[in-house]
Amino acid sequence: MEKTINLTLKVWRQNGPREKGRFETYKVNNISTDSSFLEMMDILNEQLINENKEPVAFDHDCREGICGMCSLYINGRPHGPDDDVTTCQLHMRKFNDGDTITIEPWRSAAFPVIKDLIVNRHAFDQIIAAGGYVSVSTGGVPDANAIPIPKKDADDSMDAASCIGCGACVAACKNGSAMLFVSAKVSHLALLPQGRVEAARRAKAMVAKMDELGFGNCTNTGACEVECPKSISLSNIARLNREFLSAKLKD
Amino acid sequence: MSNLLTASIGRKLLMSISGLFLILFLFVHLTINSFLLLDGVLGFEEGQLFNAGVHFMGTNPLIKIIEPVLALGFLVHIVYSLILTFQNMKARGPQRYASGKKTKGVEWTSQNMLPLGIAIFAFLVVHIYNFYMKMKGILPWEPAEVEFPFFGLTATGEDAYTMVHETFQNLGIVIVYVIGSIALAFHLTHGFWSAFQTIGWNNNIWMPRLKVISSVVAIILGGGFTVIALAQYLFF
């Protein structure tokens, strides 16, 4: 049986990057607990459009938890109160009738607000562009047994590769550090033979770009790991430190 | 290697290495301090073992060499903690979350390393004023010459034990020492494993191990100094 709830939303509104933002309070009624959080936002926007008001700007794309576009800091946590999901996978059944939900954009100096709940995450693209790739053509899909890779390395690499670059780690970090993101990107390539070749150059280039863009210094609090929708492990950060320091010591 | 120390991970490495070095120093310090409790147990007269320990530390050439290195260790650890914290506050930006931070499962200590460090530093100032400056002749101190066993022989030296003993008869000072030791223990529960994480010596298997070792180190050092201060006040 369908259950519906009524909610009060406190939403961050900001007209542009240089404008001063403020919270606006809206009421949405008869929200199905089966709907997703972003569908609830769609209902809010439809309501605002019908009232001739400007809809709330928020990032979204695939709505199935793999593109990394959705963000939103909901009730004190990136991607909301559920664990290991993105905002688009968050269901309204996690909320109760009469709740007030506070919705904010990611807050970090390296992620400036563009409008309302949308922040500029171009910094992550720049870090990837600095070295988060394999620069040689690896050809078509090889036979699975052509290059033997230990199961554990393949698993660890795959786990690291599940990072979708949403930025929840930076949003949760008290230091505004991007180390979990960078460590995942360095790890998933460094663990495989195709990526291993350029591992040292990659670690140095991506860390240099990360520092240049004004992300903070990691203090291993682990808030990133808790809030990561893809459960990227803190041990990736140890691997990044290892890769970076040994690359530097060889220079 | 040229620009290692200008990179974030390089600066963290300095925190890590200096921190581990300071922990090593604390273990030596605690070993000598434990002599305060061992006289009766090992059959010496009160204070003899501790005075011998102080004599050993005061006359050993190796200690003379390591002393400025230790001062450097403190300096690096403190200066870089301030640099890193300042950079992190800048990276965080001025805007706070109105709905707060409700992330669960984050160690309280890991988010309060600077306040804990400041508490330890405040204690350190009191501690240096109480003992170190007197032993180094910066503050007036006229100790009696006493005899004590020293590697099977008998040596004479300053009666440091009486000064320590008298200092710890003051309840206020004992409370300051206990607070300093507890702050140290909390600082180390995060600091120790975090240092290994920063060096890169960590993975999913070692993470729980390092956290356990971290707690053990914290309990031995923080608990050790606390017990010694309390025992001096209560039982000696």
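Residues numbered from 1 in each chain as written. Chains lettered and ligands numbered in written order. Predicted model: local features only at pLDDT ≥ 70, side-chain atom pairs only at ≥ 80, totals over all residues. Heavy atoms only, no water.

**As for the overall build of chain B**
For the record, the criterion: Secondary structure elements follow DSSP: runs of H or I of four or more residues count as helices, runs of E of two or more count as strands, with numbering from the N terminus. Buried residues are those whose accessible area, probed at 1.4 Å on protein chains only, stays under 20% of the maximum for their type, while exposed residues exceed 50% and partly exposed ones sit between those limits. Neither His nor the chain ends contribute to the count of charged residues, in which Lys and Arg are positive and Asp and Glu negative. Throughout, a charge is located at the NZ atom of Lys, the CZ atom of Arg, the CG atom of Asp or the CD atom of Glu.
Along the backbone of chain B there are seven helices and two strands. Seen in sequence order, chain B has helices and strands lined up from the N terminus as α-α-α-α-β-β-α-α-α. Counting only C-alpha atoms, chain B reaches 60 × 40 × 40 Å along its principal axes. Taking all 236 residues of chain B together, the buried fraction comes to 43%. In chain B, which carries 13 positive and 11 negative side-chain charges, the distance between the mean positions of the two groups comes to 35 Å.

**What to know about the packing of aromatic side chains**
All names here are of chain A. Under the convention used in this document: Pairing of aromatic side chains here covers Phe, Tyr and the six-membered ring of Trp, requires ring centres within 6.5 Å, and sorts the geometry by plane angle: under 30 degrees stacked, over 60 edge-to-face, intermediate tilted.
In the structure shown here, the tally under the stated rule is 19 aromatic pairs over all chains. Each ring, one from phenylalanine 124 and one from phenylalanine 215, has its centre 6.0 Å from the other, and the planes form 40 degrees; the classification is tilted. Remark: phenylalanine 215 occurs in the loop between helix H7 (199–212) and helix H8 (223–227) and phenylalanine 124 occurs in helix H2 (residues 122–129); sequence separation between them is 91 residues. This pair shows no difference in class: phenylalanine 124 is buried, exactly as phenylalanine 215 is.

**Observations regarding the sheet that holds strand S4 (residues 77–78) of chain A**
Residue and element names in this part refer to chain A. Quick reminder of the rule: Any two strands with at least two DSSP bridges between them are considered paired. When checking whether two residues touch, look at their non-hydrogen atoms; a contact exists if any pair is within 4.5 Å. In this description, a line fitted to the C-alpha atoms serves as the axis of each element, helices being fitted only across the stretch in contact, and the angle between N-to-C directions of two axes falls anywhere from 0 to 180 degrees.
Reading across the sheet, the five strands line up as S2-S1-S5-S3-S4 and stay open at both edges, with mixed pairing between neighbours. Two strands bound the open sheet, and with one partner strand each, they are strand S2 (22–32) and S4. When strand S3 (residues 73–74) meets S4, the two strands line up antiparallel, connected through two bridges. Bridge assignment links tyrosine 73 to a residue of S4, and that residue is proline 78. On top of the sheet, helix H1 (residues 37–50) reaches strand S1 (4–13), S2, S3 and strand S5 (100–104); it is set at about 110 degrees to S2, its chief contact.

**Considering H1(A)**
Residue and element names in this part refer to chain A. The condition is simple: To estimate how far a helix should reach, multiply one less than its number of residues by 1.5 Å. The arc refers to the directions leading from the helix axis to the C-beta atoms.
The terminal C-alpha atoms of H1, which comprises 14 residues, lie 20 Å apart, in line with the 20 Å expected from a rise of 1.5 Å per residue. Along H1, the residues classified as buried are Phe37, Leu38, Met40, Met41, Leu44, Asn45 and Leu48. All buried residues of H1 fall inside an arc of 150 degrees around its axis, so they share one side. Residues of H1 that are exposed and point more than 90 degrees away from the buried face comprise Glu46 and Asn50. Where H1 is buried, its residues contact S1, S2, S3 and S5.

**Notes on the domain arrangement of chain A**
One frequently used descriptor of interface size is the decrease in accessible area upon assembly of the parts. Residues and elements named next belong to chain A. To keep things clear, this is the line we draw: As used throughout, domain bounds are those supplied by an automatic or database domain assignment. Here the buried area means the combined drop in accessible surface, using a 1.4 Å probe, for two parts upon being joined, counting both sides. When a carboxyl oxygen of Asp or Glu lies within 4 Å of a side-chain nitrogen of Lys or Arg, that pair is called a salt bridge. Amino acids outside the nonpolar list (Ala, Val, Leu, Ile, Met, Phe, Trp, Tyr, Cys, Pro) and the charged list (Asp, Glu, Lys, Arg) are all regarded as polar, and Gly is one of them.
For chain A, the assigned domains are domain 1 (4–114) and domain 2 (121–250). Between the C-alpha centres of domain 1 and domain 2 the distance comes to 29 Å. The interface of domain 1 with domain 2 comprises 19 residues on the first partner and 20 residues on the second. Note on domain 1 versus domain 2: buried area summed over both sides is about 1500 Å², and carbon and sulfur give 54% of it. Put simply, domain 1 and domain 2 have two salt bridges between them. With a closest N to O distance of 2.8 Å, arginine 77 and glutamate 227 form a salt bridge. Its residues assigned to classes, the side of domain 1 that touches domain 2 shows 10 nonpolar, six polar and three charged.

**Side note on the packing of helix H4 (residues 113–135) of chain B against helix H5 (residues 160–167) of chain B**
Between two packed helices, the angle of one axis relative to the other and the distance separating the axes together describe the packing. All names here are of chain B. Condition: Geometric relationships in this document are graded by angle, where less than 35 degrees denotes roughly parallel, more than 145 denotes roughly antiparallel, 65 to 115 denotes roughly perpendicular, and other angles denote oblique. With the far helix as reference, a near helix turned anticlockwise by less than a right angle produces a left-handed crossing, and one turned clockwise produces a right-handed crossing.
As a packed pair, H4 and H5 sit with axes 11 Å apart at the nearest point and diverge in direction by 165 degrees. The angle between H4 and H5 places the two elements in the roughly antiparallel class. For the pair H4 and H5, the crossing hand works out as right-handed. Where H4 abuts H5, its residues Asn130, Phe131, Lys134 and Met135 lie against Ala160, Met163, Val164 and Thr167. Grouping the amino acids of the contact of H4 with H5 by side-chain chemistry returns five nonpolar, two polar and one charged.

**Here's the deal with the pairing of S5(A)**
Residues and elements named next belong to chain A. The element S5 is extensively covered by neighbouring structure, given that four of its five residues are classed as buried. Judged from the four bridges that link them, S1 and S5 form a sheet pairing that is parallel. Bridge pairing in S5 links leucine 9 to isoleucine 101. Examined bridge by bridge, S3 and S5 share two bridges and lie antiparallel to one another. Directly across from tyrosine 73, in S5, lies its bridge partner glutamate 104.

**Some thoughts on the environment of B:Ile32**
Residue and element names in this part refer to chain B. Position of isoleucine 32 among the secondary structure elements: in helix H1 (residues 8–42). Looking at isoleucine 32, the relative accessible area reads 14%, which means it is buried. Here isoleucine 32 is in contact with Phe50, Gly53 and Met57, once residues within four sequence places are set aside.

**Some details on the side chain of A:Asn217**
Definition in use: Polar contacts, as used here, are pairs of N or O atoms within 3.5 Å; protein pairs need one atom able to donate a hydrogen and one able to accept it. Residues neighboring in sequence count only if both atoms are side-chain atoms.
Mapped onto the secondary structure, A:Asn217 falls in the loop between H7 and H8. Within the structure, the side chain of A:Asn217 is placed 2.9 Å from the side chain of B:Gln87, a separation counted as a polar contact. Those residues within four positions of A:Asn217 in sequence are excluded, and the remaining contacts are A:Asn175, A:Ser177, B:Ser8, B:Arg11, B:Lys12, B:Leu84, B:Gln87 and B:Asn88.

**Comments concerning the environment of B:Asn130**
All names here are of chain B. Considering the arrangement of structural elements, one finds asparagine 130 in helix H4. Residue classification places asparagine 130 among the buried residues on the basis of a relative accessible area of 8%. Along the chain, asparagine 130 and valine 164 lie 34 residues apart, while their C-alpha atoms are 8.7 Å from each other. Those residues in contact with asparagine 130 that lie beyond four places of it in its chain are Met163, Thr167, Ile173 and Tyr177. Separated by 3.1 Å, the side chains of asparagine 130 and tyrosine 177 make a polar contact.

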